[in-house]
Number of protein chains: 2
Amino acid sequence: MKKFIISVTMSLAAIAASAQVANDWKPAATNQEGHQYPMVNSQRMVRAQILAPEALSVKLDIGGVKYEMTKDENGVWTGDSAPQDVGFHYYQLNIDGASVPDPGSLMYYGASRWGSGIDIPAPDQDFYQVKNVPQGKVSEVYYWSSVTGSMRHCYVYTPAGYDQSKKKYPVLYLQHGMGESEYGWPGQGHTGIIMDNLIAEGKAVPFIIVMDNGLAVYGPNNPRPAPQPRPQGQQARPQQGPRPLSAGAFGDILIKDIIPMVEKNYRVIADSKHRALAGLSMGGMQTRAISLTNPKTFSWIGMFSGGAISVEDVENAPGFRENNKLVFISYGSRELENPRGTDPRVTTAELGKTGMNTAFYVSEGTAHEWQSWRRSLYEFAQKVFK
Amino acid sequence: MKKFIISVTMSLAAIAASAQVANDWKPAATNQEGHQYPMVNSQRMVRAQILAPEALSVKLDIGGVKYEMTKDENGVWTGDSAPQDVGFHYYQLNIDGASVPDPGSLMYYGASRWGSGIDIPAPDQDFYQVKNVPQGKVSEVYYWSSVTGSMRHCYVYTPAGYDQSKKKYPVLYLQHGMGESEYGWPGQGHTGIIMDNLIAEGKAVPFIIVMDNGLAVYGPNNPRPAPQPRPQGQQARPQQGPRPLSAGAFGDILIKDIIPMVEKNYRVIADSKHRALAGLSMGGMQTRAISLTNPKTFSWIGMFSGGAISVEDVENAPGFRENNKLVFISYGSRELENPRGTDPRVTTAELGKTGMNTAFYVSEGTAHEWQSWRRSLYEFAQKVFK
């Protein structure tokens, strides 16, 4: 009898739950070619599915929460997440305790791994869709670094017409966040697509964008840490993973290696008025540190979900004020609900009162994730070099 | 007593097996940053490892064989493959019936999926390692296709010095195989690295390489097939997956869209003497079909593990003989052990006897895989446009 009651209760709950779920599931835009799953519905829920006939437990792991999936008679597991924010999220599946990429998804680098990602449709997603407009290109470039004593790897966006013209262009150096890499901005960030669309609409001036790696900088002059000893039989952990750089170390690479390489190999207007530095999260903090310690190098500064620049910062960096043309600060609205320390809106407003050109942008309905940063680039790109 | 005997037998077998396995495992070059597994030893075996504490069965699936892995007391599964050929192989893990990418590996597109790949060190691997030599770059390009009525995506290699010079360059159009995409050659094919090294050594003349997608060509003028109905509860299958193109259809895109786009946007010597077409497997068959039906368009032909061109082919393609400068055919040695139909060495030798410039290259110890094709590009690039 007890068993019967439990069964009825669960069925009613299941019915109640299903009545609330919009049955308008569509394959995600981030799926691999020809894959139906994962899907997204109009409530911004994610439905994952995988064949795992002998598994005891399969979970969808997204947004820091693991959702139980259920098995049908054919061994196919299906499960839904709670509603997610619009935009891009890293996720994975967990099969009997193994955390693995979902084979249905394209692969993205973030959370310190190549793995699955999913895009939840956003009302403003048009700005990062490929369109039949004049196309720039994103190039993969290897170069020698004197700081690390090794070859390094970056991506360079050049706008439409670059190859045909003799014009010189301004340059934005654009950095990713912790646990990410130089693949972030050209990949899930859609940098090239956003810029091509903006330039085609006349909303941004054409400029070059350099996307490098602010984390993993191993080489003869900066060797990789030795593997850590681990208890017998325990799974190998990453060899510390990429180390966060002090802004000084990444600043060294940027100033001594990256900027000279770019100014040698590309048609660039090589002065501070035509040089911008921006980044998201850790990349924003690096932007702050590098621009304040090199106050005459970058006239345009963007920090996306990565702190702010205070009146005191500027006072302690002689030349910064006179040289600067814009301090752009942005956050996702969810990040501003409980700001740690001084609210960056207050810090930025105070800086503005001293006569500096500041801008504060809020990405509505998003958190510390890529939709905030795609939108931040879209806004920043319309203000920079103008 | 029976139990005891079985136990002893298994232990002896385990000891015998372990005595034969070289204990010089090293992380694969294709691993994700900071990951120890998968590993490779000097016998070219692959050792995979994954934490899956609740799993009942985990297998390493490589080279068409599934190898059982075993669990230790911490829930870590480890297993070894038989020796593999040198070079690159696609693989995956199978966890309680679910086939998934190994989270230890970088991700590659092949076997109609983004998934894991592993490189087994090769004695000649130096030719595809990044070196401190003048660097070209590989660019990601979107362009409009009149044939498909949609935007398409390709990669373009430009050699070192391209951006600084006013020179015009020859162009090689280089195609992937079945189940692969435009990501193959710039990814696991290491096209840019191979070319930079060859050009730096003076072994190849500088030329541009265009790497496009010969399979998935959906758009308003060529719509994706509707999803197939499937039995209730069965796992979703790819919506037919990418369709193989007839050479005619890919030939249309190449002739009408890709070549005009390249000759408009790049500094190119736009005649057949400076235009080459090559491809691997299906891309080799496309090369044969397209070059024979457009006999005055490409003077240099490369077919890697993808058939050969016969005397009869040439007789039926007026103009091909007079226009052609090289017919280059290659295979992995393992593919030639049991050739289907006429041995391509015989076909090529017969063509050579008619006075055409032919070359036949054999990649030693490799099969229908990327090491054969990396080596084929390395050889072909030293002969083309000379």
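Since this is a predicted model, take the numbers as computed values, not measurements.

Visitor: Looking at this structure, I do not really get the overall build of chain A. What am I missing?
Guide: Counting its secondary structure elements, chain A contains 8 helices and 19 strands. Burial analysis of chain A (386 residues in total) assigns 57% to the buried set. Of all intrachain contacts in chain A linking residues separated by at least 6 positions in sequence, the fraction that spans at least 24 positions is 69%. As displayed, chain A offers around 15,900 Å² of accessible surface, 54% of which is attributable to carbon and sulfur atoms.

Visitor: Please clarify how the packing of aromatic side chains should be interpreted in this entry.
Guide: Pairs of aromatic rings are described using the distance from one ring centre to the other and the angle between the two planes. Under the defined criterion, the tally for this structure stands at 38 aromatic pairs over all chains. Note on B:Phe207 and B:Phe385: the rings are 5.2 Å apart at their centroids and 70 degrees apart in plane angle, and the pair reads as edge-to-face. Here the residue B:Phe207 occupies a position in the loop between helix 2 (191-200) and strand 15 (208-211), and B:Phe385 occupies one in the segment after helix 8 (370-381), the gap between them amounting to 178 residues. Comparing B:Phe207 with B:Phe385 shows no difference in burial state: the two are buried. By the ring-pair criterion, three or more aromatic residues cluster together here, those being A:Trp185, A:Phe304, A:Phe328, A:Trp370, A:Trp373 and A:Phe380.

Visitor: Teacher, can you tell me more about the nonpolar core here?
Guide: Note on soluble globular proteins: their nonpolar side chains tend to be buried together. Residues A:Ile50, A:Leu60, A:Ile95, B:Ile50, B:Leu60 and B:Ile95 are the most contacted members of the largest nonpolar core, which totals 40 residues. Excluding residues within four positions of it along the chain, A:Ile95 makes contact with A:Ile50, A:Ala55, A:Ser57, A:Val58, A:Val100, B:Ile95, B:Ala98 and B:Val100.

Visitor: What is the right way to look at the environment of A:Thr348 in this model?
Guide: Residues and elements named next belong to chain A. As for its position among the elements, Thr-348 is in helix 7 (residues 344-353). Taking the C-alpha atoms as reference, Thr-348 lies 22 Å from Trp-370; in sequence the two are 22 residues apart. Those residues within four positions of Thr-348 in sequence are excluded, and the remaining contacts are Ala-308, Ile-329, Thr-358, Ala-359 and Phe-360.

Visitor: For this particular structure, what's the right way to read the pattern of salt bridges?
Guide: Two side chains bearing opposite charge may form a pair once their charged atoms approach each other closely. Residues and elements named next belong to chain A. With the rule as written, the count across this model stands at 24 salt bridges over all chains. Here Arg-374 and Asp-119 are joined by a salt bridge, their closest N and O atoms 2.8 Å apart. In this pair, Arg-374 sits in helix 8 (residues 370-381) while Asp-119 sits in strand 11 (residues 113-120), placing the two residues 255 residues apart along the sequence.

Visitor: Explain the sheet that holds strand 7 (residues 76-80) of chain B to me, please; I cannot follow it from the model alone.
Guide: Consider a sheet: its strands pair through backbone hydrogen bonds, and that pairing is either parallel or antiparallel. All names here are of chain B. If you trace the 5 strands from one edge of the open sheet to the other, you get 1-2-3-7-6, paired in antiparallel fashion. Two strands lie at the open edges of the sheet, namely strand 1 (26-27) and strand 6 (70-71), each paired on one side alone. In this sheet, strand 3 (residues 46-51) lies alongside strand 2 (residues 39-40) in antiparallel orientation, the contact comprising 2 bridges. Each residue of the ladder has a partner; that of Val-40, found in strand 3, is Val-46.

Visitor: How should I be thinking about the confidence of the model for chain A in this particular structure?
Guide: Within chain A, residue pLDDT values average 90, and 87% of them lie at 70 or more. Under a pLDDT of 50 for its full length, residues 1-13 of chain A has, in the predicted model, 0 contacts with residues more than four places off or in other chains.

Visitor: Would you mind going over the environment of A:Gly251 with me for this structure?
Guide: Residues and elements named next belong to chain A. Inspection of the secondary structure puts Gly-251 in helix 3 (residues 247-265). For Gly-251, a relative accessible area of 6% corresponds to the buried category. Along the backbone, Gly-251 and Thr-293 are 42 residues apart, and their C-alpha atoms lie at a distance of 9.0 Å.

Visitor: What is the right way to look at the side chain of A:Asp102 in this model?
Guide: Mapped onto the elements, A:Asp102 comes out in the loop between strand 9 (98-100) and strand 10 (107-110). Of the side chains with opposite charge, A:Arg113 comes closest to the buried, unpaired A:Asp102, at an N-O distance of 11 Å.

Visitor: How should helix 2 (residues 191-200) of chain A be read in this particular structure?
Guide: One turn of an α-helix holds 3.6 residues; hence residues three or four places apart share an orientation. Burial analysis of helix 2 of chain A places 8 of its 10 residues in the buried class, which makes it a mostly covered element. Along helix 2 of chain A, the residues classified as buried are A:Thr191, A:Gly192, A:Ile193, A:Ile194, A:Met195, A:Asp196, A:Asn197 and A:Leu198. Looking at the packing, one finds that the buried side of helix 2 of chain A touches strand 12 (137-145), strand 13 (150-158), strand 14 (171-175), strand 15 (208-211) and helix 8 of chain A together with strand 12 (137-145) of chain B. Backbone geometry just after helix 2 of chain A places A:Gly202 at a positive phi near 75 degrees.

Visitor: Sorry if this is basic, but what is going on with the environment of A:Pro101 here?
Guide: Residue and element names in this part refer to chain A. Here Pro-101 shows up in the loop between strand 9 and strand 10. The exposure class of Pro-101 is buried, given its relative accessible area of 4%. Between the C-alpha atoms of Pro-101 and Ile-50, which are 51 residues apart in sequence, the distance is 11 Å.

Visitor: Looking at this structure, I do not really get the pairing of strand 19 (residues 358-363) of chain A. What am I missing?
Guide: Residues and elements named next belong to chain A. What you see with strand 19 is a clean split: Ala-359, Tyr-361 and Ser-363 sit on the buried side and Thr-358, Phe-360 and Val-362 on the side with no burial. Strand direction decides the pairing type here: strand 18 (residues 326-332) and strand 19, joined by 6 bridges, are parallel. Bridge assignment links Gly-332 to a residue of strand 19, and that residue is Ser-363. In the classification by handedness, the crossover that spans strand 18, the intervening helix 7 and the parallel strand 19 is right-handed.

Visitor: Got a minute to help me understand the domain arrangement of chain A in this structure?
Guide: Accessible area lost on assembly of the parts is the figure often given for the size of an interface. All names here are of chain A. Annotation of chain A at the domain level lists domain 1 (22-121) and domain 2 (127-225 + 241-381). For domain 1 versus domain 2, the separation of C-alpha centres amounts to 31 Å. Every contact between the two is made by 13 residues of domain 1 and, on the other side, 17 residues of domain 2. Each partner contributes to the roughly 1,200 Å² buried at the junction of domain 1 and domain 2, and carbon and sulfur atoms together form 48% of this total. When residues of domain 1 are sorted by the area they lose upon contact with domain 2, Asp-85, Phe-88 and Tyr-109 head the list and together hold 43% of the total. Counting every contact that joins domain 1 to domain 2 gives 2 salt bridges. Joining domain 1 to domain 2, the criterion identifies 9 residue pairs in polar contact (both at pLDDT 80 or more). For the side of domain 1 that touches domain 2, the secondary-structure elements that each account for two or more residues are strand 8 (87-95), strand 10 and strand 11. Ranked by residue count, the leading element in the side of domain 1 that touches domain 2 is strand 8, at 4 residues.

Visitor: Teacher, can you tell me more about the sheet that holds strand 3 (residues 46-51) of chain A here?
Guide: Residues and elements named next belong to chain A. Pairing within the open sheet is antiparallel, and its 5 strands lie in the order 1-2-3-7-6. Either end of the sheet is taken by a strand with one partner, and the two such strands are strand 1 (26-27) and strand 6 (70-71). Direction of pairing for strand 1 relative to strand 2 (residues 39-40): antiparallel, over a ladder of 2 bridges. Bridge pairing in strand 2 links Pro-27 to Met-39.

Visitor: Please explain the packing of helix 2 of chain A against helix 8 of chain A as it appears in this structure.
Guide: Packed helices, taken two at a time, are described by their axes: the angle between them and the distance between them. Residue and element names in this part refer to chain A. For the pair helix 2 and helix 8, the least separation of the axes is 10 Å and the interaxial angle reads 35 degrees. Considering the relative orientation of helix 2 and helix 8, their crossing is right-handed. Seen from helix 2, the contacting residues are Thr-191, Ile-194, Met-195 and Leu-198; seen from helix 8, they are Arg-374, Leu-377, Tyr-378 and Ala-381. Split into classes, the residues belonging to the contact of helix 2 with helix 8 amount to 6 nonpolar, 1 polar and 1 charged.

What counts as what
Residues numbered from 1 in each chain as written. Chains lettered and ligands numbered in written order. Predicted model: local features only at pLDDT ≥ 70, side-chain atom pairs only at ≥ 80, totals over all residues. Heavy atoms only, no water. Helix = DSSP H or I, 4+ residues; strand = E, 2+ residues; numbered from the N terminus. Buried < 20%, exposed > 50% of the residue type's maximum accessible area, 1.4 Å probe, protein only. Contact = heavy atoms within 4.5 Å. Areas by Shrake-Rupley, 256 points an atom, 1.4 Å probe, with all protein chains shown as cover. Phe/Tyr/Trp six-rings, centres within 6.5 Å; stacked < 30°, edge-to-face > 60°. Core = buried A, V, L, I, M, F, W, Y, C linked by side-chain atoms within 4.5 Å. Salt bridge = Lys/Arg side-chain N within 4 Å of Asp/Glu carboxyl O. Pairing = 2+ DSSP bridges. pLDDT = per-residue confidence, 0-100. Lys, Arg positive; Asp, Glu negative; His and termini not counted. Right-handed = clockwise from strand over helix to strand, strands pointing away. Domains from an automatic or database assignment. Buried area = accessible area lost by both parts, 1.4 Å probe. Polar contact = N/O pair within 3.5 Å; in protein donor to acceptor, adjacent residues only side chain to side chain. Axes fitted to C-alpha atoms, helices over the stretch in contact; angles between N-to-C directions. Left-handed = near helix turned anticlockwise from the far one by under 90°. Nonpolar A, V, L, I, M, F, W, Y, C, P; charged D, E, K, R; others polar.

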